[in-house]
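Report on the structure
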Amino acid sequence: MTSALRTTPLSLLDRSRTREGREPGEALRDTVRLAGLAEELGYHRFWVSEHHSVPGVAGSAPTVLAAAVAAATSRIRVGTGGVMLPNHRPLVVAEQFGVLESLFPGRIDMGLGRSVGFTDGIRRALGADKDATRDFAAQLAELTGYFTGDQRVHPEVHAQPAEGLRVPVFVLANAAGARLAAAAGLALVIGDLRGQDRMLDAIERYRAEFRPSPLLAAPYVVIAGTAAVAETTAAARRLLLPEAYSLARSRTQGVFPPLVPAEEIEALEPRMTAREREYYTAALEGQLHGTEDEVAAELGAVVERTGADEVLVTTSTYDREALQDSYRRLARAARR
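Moving on: the overall build of the protein. What the protein contains, in helices and strands, is 14 helices and 10 strands. Computed over its C-alpha atoms, the radius of gyration of the protein comes to 19 Å, within 12% of the 20 Å expected for a compact globule of 336 residues. Its C-alpha atoms give the protein principal-axis dimensions of about 60 × 45 × 40 Å. Out of the 336 residues belonging to the protein, those deemed buried represent 53%. Relative to all contacts within the protein whose residues are 6 or more apart in sequence, the contacts with residues 24 or more apart total 73%. Split by element, the accessible area of the protein, about 14,700 Å² in all, is 51% carbon and sulfur. Distance between charge centroids for the protein: 1 Å, based on 39 positive and 43 negative side chains.

Glancing now at the side chain of Ser213. Positionally, Ser213 belongs in the loop between α8 (196-209) and β8 (221-229). Taking the relative accessible area as the measure of exposure, Ser213 reaches 18% and is therefore buried.

In a regular helix each residue adds 1.5 Å, so 13 residues correspond to 18 Å; helix α10 (residues 241-253) covers 18 Å between its end C-alpha atoms and thus fits that length. Along its buried surface, α10 packs onto α9 (233-239), α11 (262-268) and α12 (274-284). Immediately downstream of α10, the backbone of Gly254 shows phi near 85°, a positive value.

When helix α3 (residues 62-72) is considered as a whole, its buried residues turn out to be Pro62, Thr63, Leu65, Ala66, Val69 and Ala70. Along the long axis of α3, the arc covered by the buried residues comes to 155°, so they all point the same way. Facing away from the buried side of α3 by more than 90 degrees, the exposed set consists of Val64 and Ala71.

Among the nonpolar cores identified, the biggest contains 71 residues, and Tyr43, Phe46, Met110, Ile223 and Leu330 are the most heavily contacted of them. With 6 residues, the single largest contributor to this core is helix α14 (residues 320-334). Once residues lying within four places of it in the same chain are set aside, the contact partners of Phe46 are Leu12, Asp14, Thr31, Leu34, Ala35, Ala38, Val69, Ile76, Arg77, Val78 and Gly79. Core analysis: the next-biggest nonpolar cluster, separate from the first, contains 15 residues, Leu239, Tyr245, Ala248 and Met272 among them.

Turning our attention to the packing of aromatic side chains. Applying the stated criterion across every chain yields a total of 4 aromatic pairs. Seen in terms of ring centroids, Tyr206 and Phe210 are 5.7 Å apart; in terms of plane orientation they differ by 75°. Their pairing is edge-to-face. The class of Tyr206 is buried, set by a relative accessible area of 0%. For Phe210, a relative accessible area of 10% corresponds to the buried category. An aromatic cluster is defined as three or more aromatic residues linked by ring pairs; in this entry it consists of Trp47, Phe170 and Tyr220. We note Arg19 situated over the ring of Tyr318; from NZ or CZ to the ring centre the distance is 5.4 Å.

About the cut-offs
- Residues numbered from 1 in each chain as written.
- Predicted model: local features only at pLDDT ≥ 70, side-chain atom pairs only at ≥ 80, totals over all residues.
- Heavy atoms only, no water.
- Helix = DSSP H or I, 4+ residues; strand = E, 2+ residues; numbered from the N terminus.
- Rg over C-alpha atoms; globule rule 2.2 N^0.38 Å.
- Buried < 20%, exposed > 50% of the residue type's maximum accessible area, 1.4 Å probe, protein only.
- Contact = heavy atoms within 4.5 Å.
- Areas by Shrake-Rupley, 256 points an atom, 1.4 Å probe, with all protein chains shown as cover.
- Lys, Arg positive; Asp, Glu negative; His and termini not counted.
- Charge placed at Lys NZ, Arg CZ, Asp CG, Glu CD.
- Expected span 1.5 Å × (residues − 1).
- Arc of directions from axis to C-beta.
- Core = buried A, V, L, I, M, F, W, Y, C linked by side-chain atoms within 4.5 Å.
- Phe/Tyr/Trp six-rings, centres within 6.5 Å; stacked < 30°, edge-to-face > 60°.
- Lys NZ or Arg CZ within 6 Å of the ring centre and 35° of its normal.

Don't take any of this as a statement about function, it's just geometry.
Below, the structure is given as structure tokens:
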């Protein structure tokens, strides 16, 4: 089962998660340092994310952070997973990625999502509303048109220095969004690894409905999800506790908090409310974790089942050394 994984590019997404008791800037610097490790370990891409007004995530400006990552590395592809297009004007996004590609030619990816702000206040501050996602297809067409020179929304406007550059475009999507990627003729990034039947259906639909575009001639599928690797299965599962607890808190308290150490969460487990425990348990269920052999076998099986062209992995945990060790082990597992 591992042969398919061995020949499949493996990439990383880092969400610049903050840690309790540490200032947010440290999380951003950790992201840049992690990119250097990813390059050293042979990962294919390193992507950063976009979140607004979230205490637990420092990455609010992905193109700025991508520039810092690209400047600190020399070979690995760098991109966004992703820029949330409803939050931005397509012209500005085109200009930003045009600048990135001009500064770091042949290394920049443009990953785009259609999420809007988490709360009404954030959406108002961003100038977007809940219905902004309905215009995603049109925004996508306008944005890609600035690169190809074919955009007709503002025919007198040209995005400099983007026009004429070829920056790979990826659509971050769920099952419904897969059709948008197919119609636009763009690469698809889809997860998570827990809902494999739904994911497989969406991938099949994407491939069946894909229409070649000036940016991509054939379907390209990236499967995305969490994977934690450690010396033992129990140790790998423990890496997942901080993120699961933050998710449970966000569902019950309305705020996604910084990560806390796994040992603190273990001490809190007996005192969790029934609702917290429900979300906490659900967040842990089905997450890919284990030893190198276990994760290699599971990831290899998913690649074979989906026919994925690439795997994008993310892991968030409080212990930075354990996180780096997980990625080292994952890189070794993928080469087996």
